[in-house]
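If you want the building blocks of each chain, they are given just below.
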Amino acid sequence: MAIREILKMGDPRLLRVAEPITAFGTPELDSLVADMFDTMHAANGAGLAAPQIGVNLQLVIFGFQSNARYPDAPQVPETVLLNPVLTPLSDDMEEGFEGCLSVPGLRGSVPRHTRLRYEGVDQYGKAIRREVDGFHARVVQHEVDHLLGILYPMRIRDFSRFGFTEVMFPGLDPRADD
Ligand code: NI
């Protein structure tokens, strides 16, 4: 297991469409997932997508019990999700602030579907199918966007709600300064 370097916005590898995974339960996949959790935990992240460490595969992880970067967010179960497919369950969109480990030091308000179903498999090929809303739905949409080469600033509509974390959220835990 190892902490991997997180690519930052501007790196063209973050703009690629990721490839589906076809082999499950392999030692290579186990070790990639372990590295991603090490990397996410070291950075206090709520989620991480494989392209953020330069691996162009449809693999995201997310979840936490409590998170210094999002102190008001409800718990999200720790999840490994491969080859995800999202289906919005409502036309309602909701604005909410997001940060990204590939866009350090900044936060922006991003519109997301309030409710959706996500389907895919875990690293052993076991099916995952969940209907979620709120912050859980937001995190999934943010991570799956990474597999499409989309970073959250590309989805911002109101740039008056985009800025430096330390300016916009001065009370936030310093560990959240990513
Ligand atoms: Ni991100």
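Further up the page is the structure itself.
As the structure is a prediction and not an experimental result, all values here were calculated from the model.

Conventions adopted
Residues numbered from 1 in each chain as written. Predicted model: local features only at pLDDT ≥ 70, side-chain atom pairs only at ≥ 80, totals over all residues. Heavy atoms only, no water. Buried < 20%, exposed > 50% of the residue type's maximum accessible area, 1.4 Å probe, protein only. Helix = DSSP H or I, 4+ residues; strand = E, 2+ residues; numbered from the N terminus. Pairing = 2+ DSSP bridges. Expected span 1.5 Å × (residues − 1). 1 Å grid on protein atoms, 1.4 Å probe; cavity = no way out; pocket = protein on both sides within 12 Å on 5 of 7 lines; lining within 4 Å. Points joined across faces, edges and corners; volume = space filled by probe spheres on them.

**Some points on the pairing of strand β5 (residues 106-113)**
Working step 1: Burial analysis of β5 places seven of its eight residues in the buried class, which makes it a mostly covered element.
Working step 2: Note that strand β4 (residues 93-98) and β5 share six bridges and pair antiparallel. Counterpart to Phe97 in the pairing with β5 is Ser109.
Working step 3: Pairing of β5 with strand β8 (residues 162-164), which is carried by three bridges, proceeds in the antiparallel orientation. The residue bridging Arg107 from the neighbouring strand is Gly163, located in β8.

**A short note on helix α2 (residues 134-147)**
Working step 1: Look at α2: 21 Å from first C-alpha to last across 14 residues, which is about the 20 Å you get at 1.5 Å a residue.
Working step 2: Most of α2 is tucked away: 13 of the 14 residues are buried.
Working step 3: Within two residues after α2, Gly149 carries a phi angle of roughly 75 degrees, on the positive side.

**Examining the layout of surface pockets**
Working step 1: Of the voids in this model, the largest pocket is the one considered here, and its volume is about 250 Å³.
Working step 2: For the largest pocket, the lining is made up of 15 residues, of which Tyr70, Asp72, Phe97, Arg107 and Phe135 are closest to its centre.
Working step 3: Every element with two or more residues in the lining of the largest pocket is listed here: β4 and α2.
Working step 4: In this structure, the second largest pocket occupies an estimated 190 Å³ of space.

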